[in-house]
Amino acid sequence: SSRCVLRPLKACTCTAFFLDGSAWNRHDNQLVESEPKKLFTSMPVLFVTANSFSDQLKVRKEMFGPQGPYECPVYKYPKRTDRFFIFFVTLRCTEVKPPAHWTLRGVALLCNTD
């Protein structure tokens, strides 16, 4: 189980998200293929903050390299409609499986799996 010791000043920490369509490698902090017949995998604690667009572009190049991150949509429920969409999360992926791979797989974060 993940524990948050420090409280962020201008952000929040979010728990209880589930990945649909992939898994999260906690050691390498990146997206990986999910295990066979396992629909949902839990995510560690997410640090959520808002950035200005210009700051986001700088951070993106430094943290994620030339391929960039996967813009993972977050939904309240497994039914993926604009009604249940919350926000996007930037997730690291490998150079072998770039963001386009995860987009085609339909990877998303869910708050509820029911």
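Residues numbered from 1 in each chain as written. Predicted model: local features only at pLDDT ≥ 70, side-chain atom pairs only at ≥ 80, totals over all residues. Heavy atoms only, no water.

Visitor: I tried to follow unusual backbone geometry on my own but got confused; where do I start?
Guide: Of note in the backbone geometry, A16 takes a positive phi value of approximately 65° without being a glycine. Looking at the secondary structure, you find A16 in the loop between strand 1 (12–14) and strand 2 (18–20). At N29, a position not held by glycine, the phi torsion is positive, near 55°. Among the structural elements, N29 can be located in the loop between strand 3 (23–25) and strand 4 (30–32). For N29, a relative accessible area of 40% puts it in the partly exposed group. (Helix = DSSP H or I, 4+ residues; strand = E, 2+ residues; numbered from the N terminus. Buried < 20%, exposed > 50% of the residue type's maximum accessible area, 1.4 Å probe, protein only.)

Visitor: Looking at this structure, I do not really get helix 1 (residues 53–64). What am I missing?
Guide: Every α-helix carries 3.6 residues per turn, so stepping three or four residues along brings you back to the same face. Taking 1.5 Å of rise per residue, 12 residues should cover 16 Å, and helix 1 covers 16 Å from first to last C-alpha, within 8% of that figure. Downstream of helix 1 by a residue or two, G65 has a phi angle that is positive, lying close to 75°. (Expected span 1.5 Å × (residues − 1).)

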